[in-house]
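Overview (structure and organization)
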There are 2 protein chains.
Amino acid sequence: MKAKVYVTIKQNVLDPQGNAVQGALHTLGFGEVGKVRIGKYLEIELDTNDRAQAEANLKTMCEKLLANTVVEDYRFELEG
Amino acid sequence: MKAKVYVTIKQNVLDPQGNAVQGALHTLGFGEVGKVRIGKYLEIELDTNDRAQAEANLKTMCEKLLANTVVEDYRFELEG
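Along each chain, the written sequence defines residue order, and numbers are assigned to residues from 1. Each chain is given a letter, starting from A, and each ligand a number, starting from 1, according to the order in which they appear as written. In keeping with the model being predicted, local features are shown solely for residues with a pLDDT of at least 70 and side-chain atom pairs are shown and tallied solely at 80 or more, while totals for entire chains, interfaces and linings include all residues. Excluding hydrogens and water, the side-chain figures rest on all heavy atoms present in the structure.

**Examining the interface of chain A and chain B**
For this analysis, residues touch if any pair of their heavy atoms sits within 4.5 Å. In this complex, chain A contributes 32 residues to the contact, which on the side of chain B involves 32 residues. Throughout, the accessible surface (probe 1.4 Å) given up by two parts as they are put together, summed over both, is called the buried area. Taking both sides of the interface into account, the surface hidden between chain A and chain B amounts to around 2,800 Å²; carbon and sulfur atoms contribute 66%. A pairing counts as a salt bridge when a side-chain nitrogen of Lys or Arg comes within 4 Å of a carboxyl oxygen of Asp or Glu. Inspection of the region where chain A meets chain B yields zero salt bridges. Polar contact criterion, stated in full: a pair of N or O atoms within 3.5 Å, where within protein one must be able to donate a hydrogen and the other to accept it, and residues adjacent in sequence count only if both atoms are side-chain atoms. Summed over the shared surface of chain A and chain B, the result is 14 residue pairs in polar contact (both at pLDDT 80 or more). Think of it as three bins: nonpolar holds Ala, Val, Leu, Ile, Met, Phe, Trp, Tyr, Cys and Pro, charged holds Asp, Glu, Lys and Arg, and polar takes everything else, Gly as well. For the side of chain A that touches chain B, a count of residues per class yields 16 nonpolar, six polar and ten charged. Bridge count between strand β2 (residues 33–46) of chain A and strand β2 (residues 33–46) of chain B: eleven bridges; the pairing is antiparallel. What sits directly across from L42 of chain A, in β2 of chain B, is I38 of chain B. Strands pair, by our definition, only if DSSP identifies at least two bridges between them. The helix count covers DSSP runs of H or I at least four residues long, the strand count covers runs of E at least two residues long, and both are numbered beginning at the N terminus.

Shown next, in the form of structure tokens:
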């Protein structure tokens, strides 16, 4: 089973990296670029066939390690 | 229009950050975790209605700034 995890900065939290990329894209001539938000994208292989257990474990992994839930949101998809 | 950009490390390139996360998840007791690959996920707002132009520009943004195409792959989706 394969999980895709998306960790994003919460809407009301500043994203200086995103602002820097936005500025760089403007400098490159892409004036149409508005807000840029940068997060993480993880692909995790899971050696299990128990989908419910996998979802529960992924939630715990995100809460404990993968996301800082004070300033970040997370969501995940399970495949296979 | 909103773009979602995924930048991932190429399959044959080492991902030390992913290996570290895999080790940490094992330490936390998630023994079912196999390979972990970590990439970037960007959300970019685009002030345009020309979908074809937006796709062409996004490709250029990825090639020039967002991805290091020597070691990274990218893909993007356009919404709205």
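After that view of the structure, there is still more to cover.
**Notes on the pairing of strand β1 (residues 2–9) of chain B**
Residue and element names in this part refer to chain B. The buried fraction of β1 is high, at six of eight residues. Summarising the sheet, β1 and β2 pair through six bridges and their orientation is antiparallel. Bridged to V5 within β2 is L42. Throughout, exposure labels follow a simple rule: accessible area from a 1.4 Å probe, protein chains only, divided by the maximum for the residue type, with under 20% read as buried, over 50% as exposed, and the rest as partly exposed.

So, to be careful, I would describe these as geometric facts and stop short of saying anything about function.
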